[in-house]
Amino acid sequence: MKFVFFHLMPYPYLPDDFDERYPSPSLNFPRKFFDRALGNRLYHRYLDELEYAERLGFDGIAVNEHHQSAYGLMPSPNIMAAALARRTERAQVMVLGNAIGVRGNPLRVAEEIAMLDHLSNGRVVSGFVRGIGWEYFGHSVNPTRSRDRFNEAHDLIIKAWTADEPFQWISPNYEYRYVNVWPRTLQEPHPPIYIPGAGSTETMTFVAEHGYTYMSVYADTRVVRRWFDGYRRAAEEIGIAPDPEKIAFSVPIYVAETDEQAHREGRQHVEWLFHKGLKQSTSLVFPPGYMSPGSMRGLLVAGMKAYTEMSYEELLAGGYVVVGSPESVTSRLRELQEELGFGQLIGLFSIGDITHEQTTRSMELFASEVMPALRPLGVACGVTAAS
Amino acid sequence: MAQVANDVGQATVEYLDFPGGRVQLFRGGAGTPVLFLHAAGGAGEWHEFHELLARRFEVFAPDHPGFGGSDELAEVEGVDDLVYHYLDLIERLGLERPHVVGASFGGWVAAELAVARPDAIGSLVLLGPAGLRLPDHPVTDLFLLTPDQLPGALFADPAKASALFPAEPSIEDVLTAYRDMTAFARFAWNPFLCNPKLERRLHRITAPTLVVCPSGDKIVPVEHGRRYAERIPDAGFALVEKCGHAMYFERPGEFAELITKFLTTGADESGARR
């Protein structure tokens with residue numbers, strides 16, 4: 001099992017009337033609520049936590065990209081990765097990922113990741129994401145072009161990393177007469193690629209074909225099982241043995257000394273993440289064309305509840321979060337691993353409005369008591385695709 | 001060709017083949033041809049309003065590519081493409097200088113058509129037209145409205161919206177609406193619901209023109225219609241009171257009457273015929 005410490009870098013200091021007055025912490029939530037001094041301290045606290053994760057033995061430390069939101073304070077994940085690259089030595093520095101569907105100039109991503117690969121001495125991991133719906137509003141990018149932009153940007157970046165000679169790139173959304181990225185990446189042929197999946201069969205096949213890592217987003221265990229099975233089937237269909245380490249399960253985790261303490265303290269932070277951080281209308285998340293008709297139908301038929309409508313108990317039971325004593329967290333994650341067959345665990349420890357002290361204590365308990373017990377799991381594929 | 005009969009009247013539905021798919025077209029009535037271009041909403045139906053127009057005209061109401069019963073056409077990805085699409089359609093139907101009536105988004109397309117080929121149309125009627133960039137009079141972000149906000153945003157009297165917005169929409173209802181909005185976003189996301197160059201081109205329009213706006217428009221401010229009327233040579237302007245942006249869905253009689261009156265008095269000089 002490979003362990004990744006993932007950060008969202010939320011801005012937790014919301015006004016008291018947030019629930020009544022604001023439909024979301026994203027897109028239109030006024031920036032006046034960002035307190036300059038508090039926000040400044042947050043960045044340093046969060047980077048400290050990521051650096052500490054390496055010292056505790058996590059294999060990777062991960063950042064991501066969000067725009068115009070208190071849900072996550074990293075409009076540029078590459079800047080955060082750069083800040084980590086020279087302060088760490090061993091852990092993979094994972095950008096999960098660059099929102100290449102939204103990015104105006106994807107060639108810039110190829111350049112920045114290549115630089116990061118050198119700053120980190122070959123430890124960088126490059127995730128590619130489409131960007132959340134609200135970011136298509138915020139950056140004025142047409143969501144009906146989202147998939148095409150993602151696919152074209154991906155193909156362009158990979159070619160920019162692997163071509164030996166300058167080339168011309170012409171696709172419907174991008175035109176470059178001269179592509180010739182300096183520097184070359186340190187890793188050959190290029191850094192590992194991670195792609196999040198949320199049910200699209202096209203994505204499963206795409207990730208399997210390219211040998212990329214498929215990572216889940218927060219969802220019910222039964223749903224994640226369908227996604228991972230789909231990925232494994234897609235891999236088998238093209239004759240590739242699915243490597244469990246390339247199946248990454250993402251989940252918020254809170255560990256405290258006892259179950260009682262963990263739930264007493266953790267409830268509020270989990271509720272912040274799902275009820276405030278992820279408070280968003282469907283118009284905001286799924287702007288027109290962002291979802292293909294088939295994916296939209298799948299979503300409606302599945303009838304998944306909005307995050308804000310799920311109670312703490314439902315979130316626990318559904319495997320959206322894992323909370324408890326080291327023993328309980330170990331046994332719950334073991335259970336989830338048996339069900340889902342992942343070989344990589346991407347944990348979110350700094351959950352919502354949690355304090356730095358709680359975060360580091362939870363990380364320490366996880367690293368000293370949970371990690372050793374789970375380490376042997378997931379090295380061989382224990383779960384085969386359900387037919 | 002199939003007949004459709006509903007509680008408001010009769011029309012035929014036919015399909016025209018284009019590269020990449022087919023387009024659905026409602027046709028009803030007899031007389032001088034009127035090409036009606038629908039708004040972001042309103043595809044795929046023959047409404048009481050169409051029926052009222054069809055008492056005096058032969059009404060051609062196509063669904064824009066990707067809307068209603070029309071396929072998405074890969075070659076039609078911008079409003080400039082839509083202009084060529086409708087010039088092709090006019091030719092295919094054998095219409096000679098039809099009157100063109102467009103509502104909201106369809107009004108924008110109608111204005112672009114009249115700018116590109118002033119000679120190709122008879123009279124022009126723009127209903128609550130979008131298409132201009134007026135930063136001081138911003139258009140409401142339709143893409144951000146939640147389903148529960150739509151009736152109040154579109155209607156002066158939201159009670160009249162109940163037929164359009166069922167309280168418990170089925171999965172098919174949601175998918176149909178998402179498909180129409182996707183088609184709309186393809187043309188209107190960015191620049192948002194406008195062609196920044198259109199205003200300076202409006203002087204090219206030679207068709208007799210009437211602009212009709214609902215007085216209570218909470219989506220496209222009335223100033224947009226007024227600006228059209230100012231920039232299009234000799235254009236007329238009329239307001240329909242106690243009406244929201246849903247326009248002919250809210251007051252079909254008033255809209256049909258204004259249009260019919262304008263087109264019948266101006267028809268001779270516009271020269272529309274088949």
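Residues numbered from 1 in each chain as written. Chains lettered and ligands numbered in written order. Predicted model: local features only at pLDDT ≥ 70, side-chain atom pairs only at ≥ 80, totals over all residues. Heavy atoms only, no water.

The name given to chain B in an unreviewed UniProt entry is Alpha/beta hydrolase, with the source organism recorded as Planosporangium mesophilum.

In the nomenclature of an unreviewed UniProt entry, chain A is known as Monooxygenase of Planosporangium mesophilum.

1. Let's talk about the overall build of chain A
Where we set the bar: Helix numbering and strand numbering both begin at the N terminus, where a helix is a DSSP run of H or I of at least 4 residues and a strand a DSSP run of E of at least 2. The atom set for the radius of gyration is the C-alpha atoms, and the globule formula is 2.2 Å times the number of residues raised to the power 0.38. Exposure is judged per residue with a 1.4 Å probe applied to protein chains only, and the accessible area is read against the type maximum: over 50% gives exposed, under 20% gives buried, and values in between give partly exposed. We call two residues in contact when some of their heavy atoms are within 4.5 Å. Under the convention used here, a 1.4 Å probe and the Shrake-Rupley method define accessible areas, while residue burial counts only the protein chains that appear.
Scanning chain A from terminus to terminus reveals 14 helices and 11 strands. On C-alpha atoms alone, chain A measures out to a radius of gyration of 20 Å, which is about the 21 Å that the 2.2 N^0.38 rule sets for 387 residues. Counting every position in chain A, which comprises 387 residues, the buried fraction comes to 60%. The contacts in chain A between residues at least 6 apart in sequence include a share of 77% that link residues at least 24 apart. About 16,200 Å² of surface is accessible on chain A, with carbon and sulfur atoms providing 51% of the total.

2. Some points on the overall build of chain B
Scanning chain B from N- to C-terminus turns up seven helices and nine strands. Summarising its shape, the C-alpha atoms of chain B cover approximately 50 × 45 × 35 Å along the three principal directions. In chain B, which comprises 274 residues, the share counted as buried stands at 58%. The long-range fraction of contacts in chain B, counting pairs at least 24 apart against all pairs at least 6 apart in sequence, stands at 76%. Looking at chain B as shown, the accessible area adds up to about 11,400 Å², and 48% of this sits on carbon and sulfur atoms.

3. Re the side chain of B:Thr146
Tracing the chain through its elements places B:Thr146 in the loop between strand S7 (124-127) and helix H4 (150-154). Look at B:Thr146 and you get buried, because its relative accessible area is 16%. Setting aside anything within four residues of it in sequence, one finds B:Thr146 in contact with A:Ser281 and A:Ser283.

4. Some remarks on the pattern of salt bridges
Residues and elements named next belong to chain B. Quick reminder of the rule: By convention in these notes, a salt bridge is any Lys or Arg side-chain nitrogen within 4 Å of a carboxyl oxygen on Asp or Glu.
Tallied over the full model, the rule gives 28 salt bridges over all chains. Of the charged contacts, one joins arginine 186 and glutamate 72 as a salt bridge, the two residues approaching to 2.9 Å between their closest N and O atoms. One end of the pair, arginine 186, is in helix H5 (residues 171-188); the other, glutamate 72, is in the loop between strand S5 (57-62) and helix H2 (79-92), and 114 residues separate them in sequence. Residue classification places glutamate 72 among the partly exposed residues on the basis of a relative accessible area of 48%. Glutamate 199 serves as the salt-bridge partner of arginine 231, at 3.0 Å between the closest nitrogen and oxygen. Within this pair, whereas arginine 231 is found in helix H6 (residues 222-231), its partner glutamate 199 is found in the loop between H5 and strand S8 (209-214), the two being separated by 32 residues in sequence.

5. Overview of the interface of chain A and chain B
Condition: Accessible area that two parts lose when put together, with a 1.4 Å probe and added across both, is what the buried area reports. Under this definition, polar contacts are N or O atom pairs within 3.5 Å; protein pairs additionally need one hydrogen-donor-capable and one acceptor-capable atom, and for neighbouring residues in sequence, both atoms have to be side-chain atoms. Amino acids outside the nonpolar list (Ala, Val, Leu, Ile, Met, Phe, Trp, Tyr, Cys, Pro) and the charged list (Asp, Glu, Lys, Arg) are all regarded as polar, and Gly is one of them.
Contacts between the two partners involve 24 residues from chain A and, on the opposite side, 17 residues from chain B. Summing the contributions of chain A and of chain B, the shared interface buries around 1,600 Å²; its carbon and sulfur component is 65%. Considering only the surface of chain A that becomes buried against chain B, A:Phe137, A:Pro288 and A:Leu300 emerge as the three largest contributors, covering 30% of it. Viewed at the interface, chain B and chain A are joined by two salt bridges. For the salt bridge of B:Glu172 with A:Arg297, the shortest nitrogen-to-oxygen distance reads 2.7 Å. Here chain A and chain B share 12 residue pairs in polar contact (both at pLDDT 80 or more) between them. For the side of chain A that touches chain B, the element with the most residues is helix H11 (residues 293-302) of chain A, which contributes five residues. Tallied by class, the residues present in the side of chain A that touches chain B amount to 15 nonpolar, seven polar and two charged.

6. Here we look at the UniProt feature "domain: Luciferase-like" (unreviewed entry) in chain A
Under the convention used in this document: UniProt positions are given in the numbering used here, feature names are shortened, and annotations may be inferred rather than shown by experiment.
Mapped onto this numbering, the UniProt entry gives "domain: Luciferase-like" (unreviewed entry) at residues 43-338 of chain A. In residues 43-338 of chain A, the share of helix is 47% and the share of strand is 17%. The end C-alpha atoms are 36 Å apart.

7. Considerations on the packing of aromatic side chains
Short version of the rule: Aromatic rings from Phe, Tyr and Trp, taking only the six-membered ring of Trp, are treated as a pair when their centres fall within 6.5 Å; an angle between ring planes under 30 degrees marks them as stacked, one over 60 as edge-to-face, and anything in between as tilted. We call a charge positioned over a ring when the NZ of a Lys or the CZ of an Arg lies within 6 Å of the ring centre and within 35 degrees of the ring normal.
Applying the stated criterion to the full structure yields 36 aromatic pairs over all chains. Among the aromatic residues, those joined into a ring-pair cluster are A:Phe137, B:Phe67, B:Phe105, B:Trp108, B:Phe143, B:Phe184, B:Phe187, B:Trp189 and B:Phe192. The cationic tip of A:Arg130 hangs over the ring face of A:Tyr290; the distance from NZ or CZ to the ring centre is 4.0 Å.

8. Digging into a positive patch on the surface
Basically, it comes down to this: Within this analysis, patches are made of residues with over 30% relative accessible area and no salt bridge. Like charges are joined at 9 Å or less; nonpolar side chains (Val, Leu, Ile, Met, Phe, Trp, Tyr) at 5 Å or less. By the counting scheme adopted, Arg and Lys are positive, Glu and Asp are negative, and His together with the chain ends is not counted. A charge is said to be at NZ when it belongs to Lys, at CZ for Arg, at CG for Asp and at CD for Glu.
Among the surface-exposed residues, B:Lys197, B:Arg200, B:Arg201 and B:Arg204 lie close enough to one another that they form a single positively charged patch. For B:Lys197, the position within the fold is in the loop between H5 and S8.

9. Considerations on the packing of helix H2 (residues 36-56) of chain A against helix H3 (residues 77-85) of chain A
Residue and element names in this part refer to chain A. The test is simple: Only C-alpha atoms enter the line fits that serve as axes; for helices the fit covers just the stretch in contact. Angles between N-to-C directions range over 0 to 180 degrees. What sets the label is the angle itself: under 35 degrees gives roughly parallel, over 145 gives roughly antiparallel, 65 to 115 gives roughly perpendicular, and the rest give oblique. Each crossing gets its hand from how the near helix is turned against the far one by less than a right angle, where anticlockwise is left-handed and clockwise is right-handed.
Put simply, H2 and H3 touch, their axes get as near as 10 Å, and they point 55° apart. Relative to H3, the element H2 lies oblique. H2 and H3 meet at a crossing whose hand is right-handed. Contacts from Tyr43, Leu47, Leu50 and Glu51 of H2 reach H3 at Met80, Ala83 and Leu84.

10. With respect to the nonpolar core
Filter applied, for reference: What we call a nonpolar core is a set of buried Ala, Val, Leu, Ile, Met, Phe, Trp, Tyr and Cys residues that are connected through their side-chain atoms within 4.5 Å.
Core analysis: the largest hydrophobic core is formed by 143 residues, its most contacted members being B:Phe105, B:Leu127 and B:Tyr228. Excluding anything up to four places from it in sequence, B:Tyr228 contacts B:Trp108, B:Ala111, B:Leu126, B:Pro129, B:Ala130, B:Gly131, B:Leu132, B:Leu198, B:Leu202 and B:Val211. Membership of the second largest hydrophobic core comes to 87 residues, among which are A:Leu73, A:Val93, A:Trp161 and A:Val223.

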